[in-house]
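Here are the chains, one letter per residue:
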Amino acid sequence: MTGAARTAARGLAARRGAAFRLTVVLLLVALPLFLGPYPISALSRILAFALLAASLDLLTGYTGLASLGHAAYFGVGAYTAALIGIHLTPNAPVQLLAALAAGGIAAGLTGWVAVRTHGTFFLMLTLAVGEIVHQLADSWTSLTGGSNGLVGMPPITVLPGRPLVLAGFVYWYILAIFVLCYAVLRRITASPFGRTMRGVRDNEARMRAVGYDTARVKYVVYCIAGAVAGAAGSLWVAQTRFVSPADLSFEIAALVLLAVVIGGSGSLWGPCLGAALVLLVNDTLSSYVAGRGPLLLGLAFVAAVYLLPRGFAGLRGVRVHVRTRETGP
Amino acid sequence: MTGAMTAELRLDDVSWHFGRVKAVDGVSLAVERGARHAVIGPNGAGKTTLFGVVAGTLRPSAGRVLVGGRDVTRLSEHARARLGVVRTFQHSSVFLSMTALDNVALAVQRVRGVGTRLWLPARRYVEVTERALGHLESVGLADRAGESAATLSHGERRQLEVAVALAARPRLLLLDEPTAGMSVEESSRFTDVIRELPVDVTVLVIEHDLDVVFRLASHVTVLHLGRVLADGTPEEVRDSEEVQRAYLGAADSSELFFSPEEERT
């Protein structure tokens, strides 16, 4: 393929991709017009969880650091947003920014040891961090309400004085923030820093040998991922208006990592789909099979590893590959 | 050592011990600026360990490492790389999931100080892409720029590694068995690339292929059991009785340096 033809093909693919993304967003925007409040509130929670999965993908898929403590920053963001909602203001953007900052700061305080390791050690250290934060949420009763959780959060407002009571409006707010954060994550992965992240994932020793301070690179990614996880936490409570230690438990951390693996790490959109599947299975189906949600998720995980070694995102690669072969000479 | 004052790299009595094993044992060495300096020796002589100590991957148990007169013994590996101490690895070490171009672009964007920019798309940094292409061209991989590094042949990966190292703007280039696994053409192309380097780039190379050593090196150091056995011009080293004595029964000195397998130290 000549350079010009390649550029033209890339332009076409980019336009097609943009059209596809726009279609998806429009569909998501239109959904409240067709669905009732229950499925819409479920979708809101899925979007919040998907953003959490996308932030973990930045860490796991792009930088090669699988974390079992990512729910901690989600929880920090959720508690921050809920506390601000109860004590200060129902204004959702304020809650969002505070949760973003809190998630980032929490990641900054806890991540600097973890990023000096990799592989299993990283997994164990993040697990420990997650458990500590979970314990904190459970036992600091005066602030967090302990194991009863934090109740009494008023409905959010976006414009002053107009609480969003209808599930559809809350959903639109969550969707808007989700799209915004997703676009930012997408932009980061396409930047030179995104290339640096993938370099660390592929070959950390080589990165050091060309002059990268890889621990610092990992620390920056960890803080960004923590901040976005915090933002996801604020979206979560914007819908649920309730947060308890269960929201930052090991189970959530494992579920979100599962979502990344099932969806296909390193693609951002794959883990979002994975998050949708994981939440649907966990919430919806488990009521039919009486508490066997984890079992179904385990089966889904085994199936994903065998049938879709690169997750949902891998399916796209397969299709493109087949198509180019068909149209080839 | 006459060049001690102008030495680009100086090792002062450097040792690296692992338990009771003295992989490198009191090595002193001076590499002059612009030299093409080869380190040879049989398996287990401590060559790769010595490289690790110079590059900063390993912290020496004793002794000092000076680059351009500056003591870098306590500097981390990436800090040394930023000073221009750039190494390649014995076993091809590239970024397998990325294209050849992205491999080199990683080094280029670090040198140009844009490796941590996280807003504009990477492809907007046209000068990074162009420089990276230039480096690929210099090692003969320009037509493979868009290929994934995983699909490159073994020899091509070695070339890619050299391109990445050159893109990191080295003043002291450390090459660990660069021609191992290369075809004859690839290997001669490689020696051309090294010869065409600017004269102010100093090259320290571990090499088993004596042809390459004699074509490239202006200076040869022989390591044996972690110690310097001989040091001088290629001719001096080849004719050294001490070197020949150390290897019993080696009538033809070229056999001394021949080792069919890659070493691991």
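Residues numbered from 1 in each chain as written. Chains lettered and ligands numbered in written order. Predicted model: local features only at pLDDT ≥ 70, side-chain atom pairs only at ≥ 80, totals over all residues. Heavy atoms only, no water.

1. Concerning the overall build of chain B
And then number 1: The number of helices and strands found in chain B is 9 helices and 10 strands.
And then number 2: Here the C-alpha atoms of chain B give a radius of gyration of 19 Å, agreeing with the 18 Å that 2.2 N^0.38 yields for 265 residues.
And then number 3: For chain B, the C-alpha atoms occupy an extent of roughly 60 × 40 × 35 Å along the three principal directions.
And then number 4: Taking the contacts inside chain B whose residues are at least 6 apart along the sequence as the reference set, 68% of them involve residues at least 24 apart.
And then number 5: For chain B, the exposed surface amounts to about 11,800 Å²; the carbon and sulfur share of it is 51%.
And then number 6: For chain B, the centre of its 31 positive side-chain charges and the centre of its 36 negative side-chain charges are spaced 10 Å apart. (Helix = DSSP H or I, 4+ residues; strand = E, 2+ residues; numbered from the N terminus. Rg over C-alpha atoms; globule rule 2.2 N^0.38 Å. Contact = heavy atoms within 4.5 Å. Areas by Shrake-Rupley, 256 points an atom, 1.4 Å probe, with all protein chains shown as cover. Lys, Arg positive; Asp, Glu negative; His and termini not counted. Charge placed at Lys NZ, Arg CZ, Asp CG, Glu CD.)

2. A few points about the overall build of chain A
And then number 1: Helices and strands together make up the secondary structure of chain A, namely 14 helices and 0 strands.
And then number 2: The C-alpha radius of gyration of chain A comes to 20 Å, within 12% of the 20 Å expected for a compact globule of 329 residues.
And then number 3: Principal-axis analysis of the C-alpha atoms gives chain A an extent of 65 × 50 × 40 Å.
And then number 4: Contacts spanning at least 24 positions in sequence make up 78% of the contacts within chain A whose residues lie at least 6 apart.
And then number 5: Of the roughly 15,300 Å² of accessible surface on chain A, a fraction of 71% belongs to carbon and sulfur atoms.
And then number 6: Distance between charge centroids for chain A: 15 Å, based on 24 positive and 10 negative side chains.

3. Notes on the interface of chain A and chain B
Where interface size is given, it is often the accessible area lost as the parts come together that is meant.
And then number 1: Between chain A and chain B, the residue contacts involve 24 residues of the former and 36 residues of the latter.
And then number 2: For the pairing of chain A and chain B, the buried interface totals around 2,600 Å² over both sides, and the portion due to carbon and sulfur atoms is 57%.
And then number 3: Its largest share of buried area at the contact with chain B, chain A owes to A:Arg187, A:Arg195 and A:Arg206, together 28% of the area lost on that side.
And then number 4: At the boundary of chain A and chain B, one finds 3 salt bridges.
And then number 5: One salt bridge connects B:Glu77 with A:Arg208, and the closest N-O pair in it is separated by 3.4 Å.
And then number 6: At the boundary of chain A with chain B, the tally comes to 22 residue pairs in polar contact (both at pLDDT 80 or more).
And then number 7: At the level of elements, helix 7 (167-190), helix 8 (192-202) and helix 9 (204-209) of chain A are the ones that each hand at least two residues to the side of chain A that touches chain B.
And then number 8: Of all the elements, helix 8 of chain A adds the most residues to the side of chain A that touches chain B, at 8 residues. (Buried area = accessible area lost by both parts, 1.4 Å probe. Salt bridge = Lys/Arg side-chain N within 4 Å of Asp/Glu carboxyl O. Polar contact = N/O pair within 3.5 Å; in protein donor to acceptor, adjacent residues only side chain to side chain.)

4. Looking at the packing of helix 4 (residues 92-114) of chain A against helix 10 (residues 214-240) of chain A
Residue and element names in this part refer to chain A.
And then number 1: Look at helix 4 against helix 10: their axes get within 7 Å of each other, and the N-to-C directions meet at 145°. Both helix 4 and helix 10 take part in a crossing whose hand is right-handed. Every residue of helix 10 that contacts helix 4 at Gln95, Leu96, Ala99, Leu100, Gly103, Gly104, Ala107, Gly108, Leu109, Thr110, Gly111 and Trp112 is listed here: Tyr219, Tyr222, Cys223, Gly226, Ala227, Val228, Gly230, Ala231, Ser234 and Leu235.
And then number 2: Broken down by class, the residue content of the contact of helix 4 with helix 10 amounts to 13 nonpolar, 9 polar and no charged. (Axes fitted to C-alpha atoms, helices over the stretch in contact; angles between N-to-C directions. Left-handed = near helix turned anticlockwise from the far one by under 90°. Nonpolar A, V, L, I, M, F, W, Y, C, P; charged D, E, K, R; others polar.)

5. Describing helix 11 (residues 250-263) of chain A
Residues and elements named next belong to chain A.
And then number 1: For helix 11, spanning 14 residues, the distance from its first C-alpha to its last is 20 Å, which sits close to the expected 20 Å at 1.5 Å a residue.
And then number 2: A large share of helix 11 lies buried, amounting to 10 of its 14 residues.
And then number 3: Residues Ile252, Ala253, Leu255, Val256, Leu257, Leu258, Ala259, Val260, Ile262 and Gly263 constitute the buried set of helix 11.
And then number 4: Phi for Gly264, located one or two positions after helix 11, is positive at around 105°. (Expected span 1.5 Å × (residues − 1). Buried < 20%, exposed > 50% of the residue type's maximum accessible area, 1.4 Å probe, protein only.)

6. Some words on the pattern of salt bridges
And then number 1: Taken as a whole, this structure holds 15 salt bridges over all chains when the rule is applied.
And then number 2: In this structure, the salt-bridge partner of B:Arg10 is B:Asp12, at a minimum N-O distance of 3.2 Å.
And then number 3: Here the salt bridges do not stand alone but share partners, grouping A:Glu204, A:Arg208, A:Lys218 and B:Glu77 into one network.

7. Concerning the pairing of strand 2 (residues 21-32) of chain B
Residues and elements named next belong to chain B.
And then number 1: Looking at chain direction, strand 1 (residues 7-18) and strand 2 are connected through 8 bridges and run antiparallel. The residue bridging Val14 from the neighbouring strand is Val27, located in strand 2.
And then number 2: Between strand 1 and strand 2, which pair antiparallel one after the other, the connecting turn spans 2 residues, and Gly19 there sits at a positive phi close to 60°. (Pairing = 2+ DSSP bridges.)

8. Thoughts on the sheet that holds strand 7 (residues 172-176) of chain B
All names here are of chain B.
And then number 1: Strand order in the open sheet formed by 6 strands is 6-7-8-3-9-10, with mixed pairing between adjacent strands. Across the chains shown, the open sheet's two edge strands, defined by having one partner strand only, are strand 6 (85-87) and strand 10 (227-232). The average undirected angle you get between the axes of adjacent strands in this sheet is 20°.
And then number 2: One ladder, built from 3 bridges, connects strand 6 with strand 7; its direction is parallel. Residue pairing across strands places Val86 opposite Leu173, the latter belonging to strand 7.
And then number 3: Contacts between helix 1 (residues 47-55) and the sheet are confined to strand 3 (36-40), strand 6, strand 7, strand 8 (202-206) and strand 9 (219-224), with strand 7 contributing the most and set at about 150° to the helix.

9. Digging into the pairing of strand 9 of chain B
All names here are of chain B.
And then number 1: Of the strand pairs in this sheet, strand 3 and strand 9 are connected by 4 bridges, and their pairing is parallel. Bridge pairing links Ile40 to Val222 in strand 9.
And then number 2: Sheet topology note: the strand 9/strand 10 ladder contains 5 bridges and is antiparallel. Within the sheet, the bridge partner assigned to Leu223 lies in strand 10 and is Val228.
And then number 3: Remark: 2 residues form the turn of the hairpin made by strand 9 and strand 10, two consecutive strands paired antiparallel; Leu225 in that turn has positive phi of roughly 50°.

10. Focus: the side chain of B:Gln159
And then number 1: Take B:Gln159: it is sitting in helix 5 (residues 154-167).
And then number 2: If near-sequence neighbours (up to four positions away) are discounted, B:Gln159 is found in contact with B:Val139, B:Leu141, B:Met182, B:Glu186 and B:Arg189.

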